[in-house]
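This is what each chain is made of:
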Amino acid sequence: TNDNFQGAHLAVQALLEDGFDHVALVNFTGSPDWSWVRECRAGAFAALESRPDVEFLLPSTPGLSRPERLLREVEEWAGRVKPDNLGMVCRCYYSLHMGAALRHVLPGGCRVGITVFDVDLPGSDIPGVRKIGCAVERLAEAALRRLAAVRRGADTPGRLRLPYEVVPNEALDAVAAR
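Computed from a predicted model, the values in this text were never measured in an experiment.

Caption draft 1: Expanded view of the overall build of the protein. For the protein, the helix and strand inventory stands at 6 helices and 6 strands. When its helices and strands are written in sequence order, the protein yields α-β-α-β-α-β-α-β-β-α-β-α. Burial statistics for the protein: of 178 residues in total, 44% are counted as buried. Residue pairs at least 24 apart in sequence account for 71% of intrachain contacts in the protein once pairs closer than 6 positions are excluded. As displayed, the protein has an accessible area near 9300 Å², and 54% of this comes from carbon and sulfur atoms.

In structure tokens, the structure reads:
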């Protein structure tokens, strides 16, 4: 029961709508290359496809086991393309720290926006970080509706599409208002 394509697509689309013309996809690779990671990349690339003018970085390492390699790769890329604004999409809440660490290797004055997406995002608002998720309550409601339809014979067992959405973030709104 996941649809990482939709979550990643929405996350990249939100950054593009905010005017970011450089995008880094944090934790969108893996070894092994699991299906849910490939779904994320496909969703991100589908959003980027409509904007060929956008420069993007897909680091070869997720950075969770080798953060120094990820930072070096981002630093080399930033030196080559010289971003003045960079939107970062972090796949899963646990990779958010890597997105935050990337700020330190970017050129001074670079505007940075971070978006994280996951099925459910615990904790309070993080200033400057937009969240895209699926509330567990909404997921449970969708699953129960689907199960009832299957039992009535109106549907067949199968994949449940998660209702991802941009999570309102009062702290982010306060940062943007400054």
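Here the narrative resumes, following the displayed structure.
Caption draft 2: Region of the structure containing the sheet that holds strand 5 (residues 129-133). Read across the open sheet, the 6 strands follow the order 2-1-3-4-5-6; overall the sheet is mixed. Single-partner strands in this sheet number two, and they are strand 2 (55-57) and strand 6 (165-167). Direction aside, the axes of adjacent strands within the sheet are offset by 25 degrees on average. With 7 bridges connecting them, strand 3 (residues 85-91) and strand 4 (residues 111-117) associate as parallel partners. For Gly-87, the partnering residue across the bridge sits in strand 4 and is Gly-113.

Caption draft 3: Looking closely at helix 5 (residues 136-152). Taking 1.5 Å per residue as the helical rise, helix 5 with its 17 residues ought to reach 24 Å, and the 24 Å between its terminal C-alpha atoms agrees with that figure. When helix 5 is considered as a whole, its buried residues turn out to be Leu-139, Ala-142 and Ala-149. Projected down its long axis, helix 5 shows its buried positions confined to an angular sector of 95 degrees, all on one face. Exposed residues pointing more than 90 degrees away from the buried face of helix 5 are listed as Glu-137, Leu-144, Arg-151 and Arg-152.

About the cut-offs
- Positions within a chain are numbered from 1, following the residues in the order the chain's sequence is written.
- The model is predicted, so local features are restricted to residues of pLDDT at least 70 and side-chain atom pairs to those at 80 or more, both for listing and for counting; the totals for chains, interfaces and linings are taken over all residues.
- No hydrogens and no water enter the side-chain calculation; it runs on all heavy atoms of the structure.
- To qualify as a helix, a DSSP run of H or I must reach at least 4 residues; to qualify as a strand, a run of E must reach at least 2; elements of each kind are numbered from the N terminus.
- Categorising residues by exposure relies on relative accessible area from a 1.4 Å probe, with only protein chains included: less than 20% of the type maximum marks a residue as buried, more than 50% marks it as exposed, and the intermediate range marks it as partly exposed.
- We call two residues in contact whenever any of their non-hydrogen atoms come within 4.5 Å of each other.
- Note that accessible areas follow from Shrake-Rupley with a 1.4 Å probe, and for residues the cover is restricted to the protein chains shown.
- A pair of strands is labelled paired if DSSP reports no fewer than 2 bridges between them.
- Note on definitions: angles span 0 to 180 degrees between N-to-C directions of axes, and those axes are lines fitted to C-alpha atoms, for helices only across the stretch in contact.
- Helix span is expected to be 1.5 Å times the residue number reduced by one.
- The reported arc concerns the directions from the helix axis to the C-beta atoms and nothing else.

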